[in-house]
Amino acid sequence: MAHLSVAGFEIYKGYLDSGAQDRLVTAVRDVVRDAPLVRPVTPRGQPMSVQMTAAGQYGWITDRQGYRYASKHPRGTPWPAIPEPVLAVWRALSGVDRHPECCLVNFYGEGARMSLHQDRDEASYDWPVLSISLGDDGLFRMGGAMRGGKTQSVWLHSGDVVVMGGDARLAHHGVDRIRFGSCSLLENGGRLNLTLRVVT
Ligand code: SIN
Ligand code: FE2
């Protein structure tokens with residue numbers, strides 16, 4: 001494992017070994033069975049390239065009504081609980097004693113990306129956001145709190161964990177592209193990203 005600090009983003013390269021990655025994928029499959037991935041639309045009606053679902057008391061959603069946290073999946077069912085192996089990563093690396101209330105599940109298929117944004121729909125920015133990467137490599141771009149500033153990029157690989165806290169909590173970030181098929185963890189390729197958030 002190697003630890004990298006880039007503009008306040010704490011990056012734990014290779015934090016999860018292959019056994020831990022397999023256990024997380026199994027846990028995510030259970031979540032997706034109860035709460036299927038959906039391809040949401042932005043408030044302006046643009047379909048996102050990333051597919052999403054969530055676990056926990058809240059899920060982050062977007063539709064014509066806007067970006068927000070919701071206590072139910074768009075189909076009307078409560079979100080499944082955050083799996084224990086996911087919580088274990090939070091306990092080990094978040095540095096805080098509060099539990100996350102949302103585990104957002106992002107799935108990047110071939111060609112999917114996520115434009116530069118801030119995570120700012122939470123009630124407080126005092127808590128970190130923790131991100132777990134599984135599957136194909138993703139080019140992660142990191143900037144500052146202001147729009148249009150300088151950015152730096154790193155390739156995130158399966159098993160990497162990023163903690164966005166302190167100065168990085170409101171920093172811009174996004175995924176420019178993935179290397180589809182670069183990792184054999186997910187049978188049909190693609191990249192899974194889990195982000196853990198304290199919402200209320
Ligand atoms: C996100 O910002 O929600 C996702 C980040 C990632 O996919 O690495
Ligand atoms: Fe984000």
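Before reading on, note that the structure itself is shown above.
Every chain is numbered independently, its residues counted from 1 as its sequence is written. Written order determines the labels here, with chains lettered from A and ligands numbered from 1. A pLDDT threshold of at least 70 governs which residues receive local features in this predicted model, and a stricter bar of 80 or more applies before side-chain atom pairs are shown or counted, although totals over entire chains, interfaces and linings include all residues. Side-chain descriptors were evaluated using all non-hydrogen atoms of the structure, hydrogens and water having been removed beforehand.

Draft legend 1. Inspection of the coordination of the iron ion (ligand 2) at higher detail. Protein-derived coordination of the iron ion (ligand 2) comes from H117 (NE2), D119 (OD) and H173 (NE2), at a distance range of 2.1 to 2.2 Å. Expressed as a motif, the donor residue spacing for the iron ion (ligand 2) is H-x1-D-x53-H. Of this pair, D119 sits in the loop between β7 (114–117) and β8 (129–135) while H173 sits in strand β12 (residues 173–178), and the two are 54 residues apart along the sequence. The residues D119 and H173 share a single accessibility class, namely buried. Metal-coordinating donors are taken as N, O and S atoms lying within 2.8 Å of the metal, or within 3.2 Å when the metal is Na, K or Ca; because water is left out, some sites can appear incomplete. Only DSSP runs of H or I with at least four residues qualify as helices, and only runs of E with at least two residues qualify as strands; both kinds are numbered from the N terminus onward. Throughout this description, buried means an accessible area under 20% of the type-specific maximum (1.4 Å probe, protein chains only), exposed means over 50%, and partly exposed covers the range between.

Draft legend 2. Representation of the sheet that holds β8 in the model. Each pair of strands is called paired provided DSSP finds at least two bridges between the two strands. One open sheet holds the seven strands; their spatial order is β1-β2-β11-β8-β13-β6-β3, and the pairing between them is antiparallel. What marks the edges here is a single partner per strand, and that holds for β1 (2–6) and β3 (51–56). Taking the axes of each pair of neighbouring strands and ignoring which way they run, one obtains an average angle of 20 degrees across the sheet. Note that strand β2 (residues 9–13) and strand β11 (residues 161–164) share four bridges and pair antiparallel. The residue bridging E10 from the neighbouring strand is V163, located in β11. Axis definition: a line fitted to C-alpha atoms, limited for helices to the stretch in contact. Angles are taken between N-to-C directions and run from 0 to 180 degrees.

Draft legend 3. Examining the site of ligand 1 more closely. The environment of ligand 1 is made up of N106, Y108, M114, H117, F140, H173, V175, R191, N193 and R197. Nitrogen and oxygen atoms within 3.5 Å of one another constitute a polar contact, given that in protein one can donate a hydrogen and the other can accept it, and given that sequence-neighbouring residues count only through two side-chain atoms. Between ligand 1 and the protein, one listed contact pairs an oxygen atom with a side-chain N or O atom of N193 at 3.2 Å. Protein coverage of the free-state accessible area of ligand 1, which is 260 Å², stands at 99%. Those elements that provide at least two residues to the shell around ligand 1 are β6 (102–108), β7, β12 and β13 (191–197). Following the grouping adopted for this structure description, the nonpolar residues are Ala, Val, Leu, Ile, Met, Phe, Trp, Tyr, Cys and Pro, the charged ones are Asp, Glu, Lys and Arg, and the polar ones are all others, Gly among them. Residue classes in the shell around ligand 1 are distributed as four nonpolar, four polar and two charged. Definition of nearness: a residue and a molecule or strand are near each other if at least one heavy atom of the residue lies within 4 Å of the molecule or strand. To be clear on the numbers: accessible area is Shrake-Rupley with a 1.4 Å probe, and residue cover counts the displayed protein chains and nothing else.

Draft legend 4. Representation of the packing of aromatic side chains. Classification of ring pairs rests on two measures: the distance between centres of Phe, Tyr or Trp rings, Trp counted by its six-membered ring, which must be within 6.5 Å, and the angle between planes, read as stacked under 30 degrees, edge-to-face over 60 and tilted in between. Per the counting criterion, the structure on display carries three aromatic pairs. Seen in terms of ring centroids, F9 and F140 are 5.9 Å apart; in terms of plane orientation they differ by 80 degrees. Their pairing is edge-to-face. Of this pair, F9 sits in strand β2 while F140 sits in strand β9 (residues 138–142); the two residues are 131 residues apart in sequence, bridging distant segments of the chain. Across the pair, F140 and F9 agree in class, each one buried. In this analysis the charged atom, NZ for Lys or CZ for Arg, is taken to sit over a ring once it is within 6 Å of the ring centre and within 35 degrees of the ring normal. The side chain of R179 reaches across the aromatic face of W155, ending 3.7 Å from its centre.

Draft legend 5. Quick peek at unusual backbone geometry. Even without being a glycine, A7 presents a positive backbone phi close to 50 degrees. Along the polypeptide, A7 turns up in the loop between β1 and β2. The partly exposed category is assigned to A7, whose relative accessible area is 45%.

Draft legend 6. Summary view of the pattern of salt bridges. Here, a salt bridge means any Lys or Arg side-chain nitrogen found within 4 Å of an Asp or Glu carboxyl oxygen. Counted by the stated rule, this structure contains ten salt bridges. The shortest N-O distance in the salt bridge between R98 and E101 comes to 3.4 Å. A relative accessible area of 26% places R98 in the partly exposed class. Of the charged contacts, one joins D119 and R197 as a salt bridge, the two residues approaching to 3.5 Å between their closest N and O atoms. Of this pair, D119 sits in the loop between β7 and β8 while R197 sits in strand β13, and the two are 78 residues apart along the sequence. R197 carries the same exposure label as D119, and that label is buried. Through salt bridges that share partners, D119, E122, R169 and R197 make up one connected network.

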